[in-house]
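Read off the chains here:
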Amino acid sequence: MKVTAVATQGGYGSCNWVTSYLLMFSDSGMNWKQYRQEESIWRFPGNTNADSVVRHSLQLSFETRFLRFLPLAWNPQGRIGMRVEVYGCAYSSEVVRFDGISSLLYTFNQKSTSPTKEVISLKFKSRKSDGILFHRQGQNGKSFTLELAQGKLVLSLNSGEANVPSLDARAGLSLGSLLDDQHWHSLLLELHSTHGSLTVDKHTRLFQAQPGSSYLDHDYKISFGGILGHGKLSTFPHKNFDGCFENLFYNGVDITYLTKEHKSQILLVGNVSFSCSQPQTVPVTFLSSRSYLALPHTTEEDTVSITFQFRTWNRAGLLLTSQLPHRSGALVLFLDDGKLKLSLSPHGLPAKTIIAGDGLNDGQWHSVSLAAKGNHMSMKVDSNAASATHTLPRWMGPSDSYYFGGCPENISGCGSSLGGFQGCLRLISIGDKAVDPISVQQGALGSFSDLQIDSCGIIDRCLPSYCEHGGKCFQSWATFSCDCTHTGYMGATCHSSLYERSCEALKYLGEDSSGLYYIDTDGSGPLGPALVYCNMTGTVWTSLQHNGSHLVRVKGLQGDRPQPVLFKYSTSMDQLQAIVSHADHCHQKLAFHCKKPRLSEHHGGTPLSWWARRTIETHMYWGGSLPDAQKCTCGLEGNCVDSRYHCNCDADQNERTSDTVVLSHKEHLPVTQVVMTDTNRPHYETAYSLGPLLCRGDNSFWNSASFNTEISYLHFPTFHGELSADLSFFFKTTASSGVLVENLGITDFIRLELRAPAEIVFSFDVGNGPCEVIVQSPTPLNDNRWHRVKAERNVKEATLQVDQLPQKTQLAPADGPVRLQLSSQLFVGGTADRQRGFLGCIRSLQLNGVALDLEGRATVTPGVEPGCAGHCSSYGHLCHNGGRCREKHAGIECDCASSAYDGPFCSQEISAYFETGSSVIYNFQECDNNTFSNSSSSLADLSHEELTLTREIATLSFRTTGVPSLLLYVSSFFEEHLAVVLTPHGSLQVKYKLDRHKEPDVLDFDFKNLADGQLHHLKIDRAASVVSVEVDQYARKQAILSSGAEFSAVRCLVLGATSELPGADTDTQLAATHGFTGCLSAVSFGGITPLKAALRPGGAAGVTILGSVIAATSCMEGARPGAPAWELTPSLIRGTGSGSSNEEKPLVNADTKDSAAIRSTIAVVVFILVCLAAIAVHIYRQRWLYHKNKDDTEKAGAEAETSLKSELTVHNIVSEN
């Protein structure tokens, strides 16, 4: 019958009832199978009293002849008592039996028309792991073959485009596992012309035919149980099927009925019967490492002969143990790393080990044969495996007992560090006598513990595989694991992405370096990570390159067919679409160079040129964000060469001209092809280049809502995360508690809440009872700062992470419900009962990779406002080195105006190499007062006559080998000054002279030679007469100045050489004459940053550059020469007058029409890079020699000086080129 429901009741008028039970079924009364639901052994809740009826409708009905109720727990005040009822319906079946030799062939009438689809349905069962189920061959070479191979179904398809593939190649798809378990399995194959599906039990695989081919054929034969036909297919070297088919139908035709009636369409080969009377085997399941089966040696012969079959997923485990007579040793058979090992340990003699087989933990049945007679022992694994033999020094005879699996606890000397066997055994024989497990179960033979007799409980935990995104599934008897290597994902099931969703998100994690990054726009969704270029300079831009960034020269038409140029991007079109849709703005630049050919003019109503978007939809407009603009950039700006046209190329002139087109309607991007047809005119020249797709912003990262009342919430459609659910968002609040996200089902639920000021709780129920994962923060989370929450629940575990705190994990039960079944709406910021609502802001909420539009829903929800202000409180720490955080609607920006650093987070130092005699002079009196800050330096709002300082902070970093040197000199109109000097011995002196009539105060740092070619850092902090100086963050000195407490009438600041030193001592004047040769960086004096003013475009007007000052990315040894990161090539800055500077433009921005010049430039750059690499290697070797021979200081100083001079020389070469 077909069982659809079961019901239980306790014993009548008693205290006996069962509280939980398992359900098992069998077709033969032997070899039972456990009922499973949600991929787990299903534990049915029973009764709570003797009278009430508890009924369970089965989610998966099944057909069976025998049903077994297995009580697990019962009333502790009573005993087991059950009254049961089974619900279902009659089930009819027609069975055909194949014996491994027989088969049948069904031939269609050749006049029949070709069907629109082919459908084969049946049930099958077998105890053999290999065999052909059916094969179809058509006249046009079209065929398909379905076979059982190692317990899996393998479908090989041929749509007629090639010869029938060898099944040995496993060219088709596979489905199912452990199908040789002697239980019925349902099968459905559907073939359409270009696609099909294969379903085994409840698992389905879809497949597609090659373009231009079809699976259907109007004339064909189909054979079942084997391959019958003509030609070489009849000798196909694969086994026939050994087992039974039930209810076999082909396109609605009952094949079993035709066979029984001996219809002419059926050809039988061999013995085909119509009853399923297969020999039954009784398997035994070893449920745990404590399971064992003890069997006696029943023969009187002085030999050992043991055979059995086993299957398992475990790589190691004890299979058989036997004590030799008179405690003279032990015989142990065990699995180790998938190999079978037999160890014989005679007392007083070295152990002997035999090894056979490999990869035996594959879940397949493997046969084992052990034999010992006299002094010879052998072991064989499987019929095709090589046997292993070993000659023993003497034979002590057989043991009295054999222990399969583990051992009883009271048996001394038995066991193994590997643990007991977990798996199935069958067909056990000792001597020539087969062991009957039913006799063992009834107590008539041997003994056992923790066994399941009459059933093999092995399951394939990797079918279906819960490993997502291409993760590889590995399993043992009790669990499975996923290998996420090279997938780009992490977690127990490879569900969560390793990467952030956008360049914008990377920026706010503190990434401030431009470069290539992986981003995953849909998080845990189906799209994989994409490699993009993130430009972190200022506004973050995402750049996506294609394969046609070079100049494309357009050829003439070949006949009437245009020759489009296709552009292929480094990421898939689905990834591109996701990046574009999440961006605030995208654009792509097209540059045309033309003579004669026209862009936007139409010829006879047909456009002369067009471009196509990602969906191959063509567009004829050439600029702006509106598709109807129909203008190039010159037309939009009104400066075309001919005002009658909106594009320069449309002017149809004989001279070369150009057009620049910026396409910014992001729904039409990216450009995938460009077509130009007006190319057959005399003297035409046409070329164009397409730039990368550039996008900025992330409209999901800053999407937020403010919850103003405890009863307000946002609602969204039900969250579907049955097997894997991840939630991530940011929140900030001042409230002590509140529910952040909640979704309910009938009994299942999922919830994230702030339960206490420092506690986040992730709770859920999938049918195993409520489960909680809790993160305790050492600091309060209701501090009105953004905090990030990431929660995930899958079939193996649940995890919760808050900010950078350690992730908390809760493991899922080994068996039980695994599907999260929700039905209510998703509530954000509150609950359905309007209790425990959240007060604060939630931002960037994403569920299983899908971003929710909080702002859009908040605009129509009372008590909730779109957006949330106050980002600097959370992200202000990203602004380094004195940078100021400024609020934006979407994020922050760092104002680096008063910082000696630059970049999006004021972390990119501004550095320069000074050649001998060069200097930078900053004149305070010529600078606008607004340049100065209102900080402790107090330079703002003062005219030069009143520029008197009571406090200043000065910082700089330097690297040099030249002595004496003047690093920094600040002078006044009253002959007061601050001087930072390196003495002839390399010691550092900081000199303050705040009274022209007194001698300067000198702070001397002579702990080491600082002119050693290494980078050193200096900080000076003066408040009135108290000055503190710090060198390299560990050498510190503090002094009380005797020369005064005010720095009056500050005049100018000098870096490097100078000749104007009124009131300076002789040593300072000598150092000023030598100036500074080396690298300076991060120079600031109060709010003044002289290097930034000198090197950055638009710097202060009062800056004078004398000699050669070369911009650099850093003063660190080995840093590349050239300009800072915001430029693409280095620049040489030379000047002779106030405010003068001469910057060479980056080569990539140069307007060149000669491709040879471009190639020459590239060659020069490559040559320079090679030189730099050679110099870097040289520097590294010199540093190594320096550390190796650090006692020889003179030699080390010479080497450091040589390396620094070499760098200066390279900088000059780069700048000149």
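Residues numbered from 1 in each chain as written. Predicted model: local features only at pLDDT ≥ 70, side-chain atom pairs only at ≥ 80, totals over all residues. Heavy atoms only, no water.

A word on the state of the cysteines. One pass over the structure, following the stated rule, counts twelve disulfides. The disulfide partner of Cys 244 is Cys 276, and the gap between their sulfur atoms is 2.0 Å. Because the torsion about its S-S bond is 95°, the bridge between Cys 244 and Cys 276 counts as right-handed. With a gap of 32 residues between them, Cys 244 in strand E21 (residues 242–250) and Cys 276 in the loop between strand E23 (266–269) and strand E24 (284–286) connect regions that are remote in the sequence. With its sulfur 2.0 Å from that of its partner, Cys 872 forms a disulfide with Cys 885. As the torsion about the S-S bond is roughly -90°, the Cys 872-Cys 885 disulfide counts as left-handed. (Disulfide = S-S within 2.5 Å. Helix = DSSP H or I, 4+ residues; strand = E, 2+ residues; numbered from the N terminus.)

Of the consecutive residues Leu 669 and Pro 670, the connecting peptide bond is found in the cis state with omega at 5°. Its location among the elements puts Pro 670 in the loop between strand E53 (657–663) and strand E54 (673–676). Each neighbour pair has its own omega, and for Val 963 with Pro 964 the value is -10°, a cis peptide bond. Position of Pro 964 relative to the elements: it lies in the loop between strand E77 (951–960) and strand E78 (965–972). Phi is positive for Asp 337, close to 55°, though the residue is something other than glycine. One non-glycine residue with positive phi stands out, namely Asp 803, at about 55°. Within the secondary structure, Asp 803 sits in the loop between strand E65 (797–802) and strand E66 (808–811). Residue classification places Asp 803 among the partly exposed positions, given a relative accessible area of 27%. (Buried < 20%, exposed > 50% of the residue type's maximum accessible area, 1.4 Å probe, protein only.)

Another aspect to go through is the sheet that holds strand E28 (residues 329–336). Spatially, seven strands are ordered E30-E29-E28-E27-E34-E25-E37 in an open sheet, and the strand pairing comes out antiparallel. Looking at which strands have only one partner, the edges of the open sheet turn out to be strand E30 (352–356) and strand E37 (447–449). Each adjacent strand pair in this sheet contributes to an overall mean axis angle of 15°, direction not counted. (Pairing = 2+ DSSP bridges. Axes fitted to C-alpha atoms, helices over the stretch in contact; angles between N-to-C directions.)

To continue, consider the packing of aromatic side chains. On inspection of all chains with the given rule, the structure shows 32 aromatic pairs. Here Phe 134 and Phe 224 contribute two aromatic rings whose centre-to-centre distance is 6.0 Å and whose plane-to-plane angle is 65°, an arrangement assigned as edge-to-face. Here the residue Phe 134 occupies a position in strand E13 (residues 131–138), and Phe 224 occupies one in strand E20 (residues 220–224), the gap between them amounting to 90 residues. A centroid spacing of 4.9 Å and a plane angle of 85° characterise the contact between Phe 701 and Trp 702, whose relative ring orientation is edge-to-face. The exposure class of Trp 702 is buried, given its relative accessible area of 7%. In this structure an aromatic cluster arises from ring pairing among Tyr 21, Phe 25, Tyr 35, Phe 44, Phe 62 and Phe 69. One cation-aromatic arrangement involves Arg 55 over Tyr 87; the distance from NZ or CZ to the ring centre is 4.3 Å. We note Lys 796 situated over the ring of Phe 480; from NZ or CZ to the ring centre the distance is 4.7 Å. (Phe/Tyr/Trp six-rings, centres within 6.5 Å; stacked < 30°, edge-to-face > 60°. Lys NZ or Arg CZ within 6 Å of the ring centre and 35° of its normal.)

It is worth spelling out the sheet that holds strand E47 (residues 565–566) at this point. In spatial order, the strands read E47-E54-E51-E52; together these four strands make up an open sheet with antiparallel pairing. The open sheet is flanked by E47 and strand E52 (618–619), the only strands paired with a single partner. Bridging between E47 and E54 involves two bridges; their strand directions are antiparallel. When the bridges of E54 are listed, Val 565 appears paired with Val 674.

Let us look at the side chain of Ser 197. Position of Ser 197 among the secondary structure elements: in strand E18 (residues 195–200). For Ser 197, a relative accessible area of 14% corresponds to the buried category. Setting aside anything within four residues of it in sequence, one finds Ser 197 in contact with Leu 188, Leu 189, Glu 190, Thr 204, Arg 205, Leu 206 and Phe 207. (Contact = heavy atoms within 4.5 Å.)

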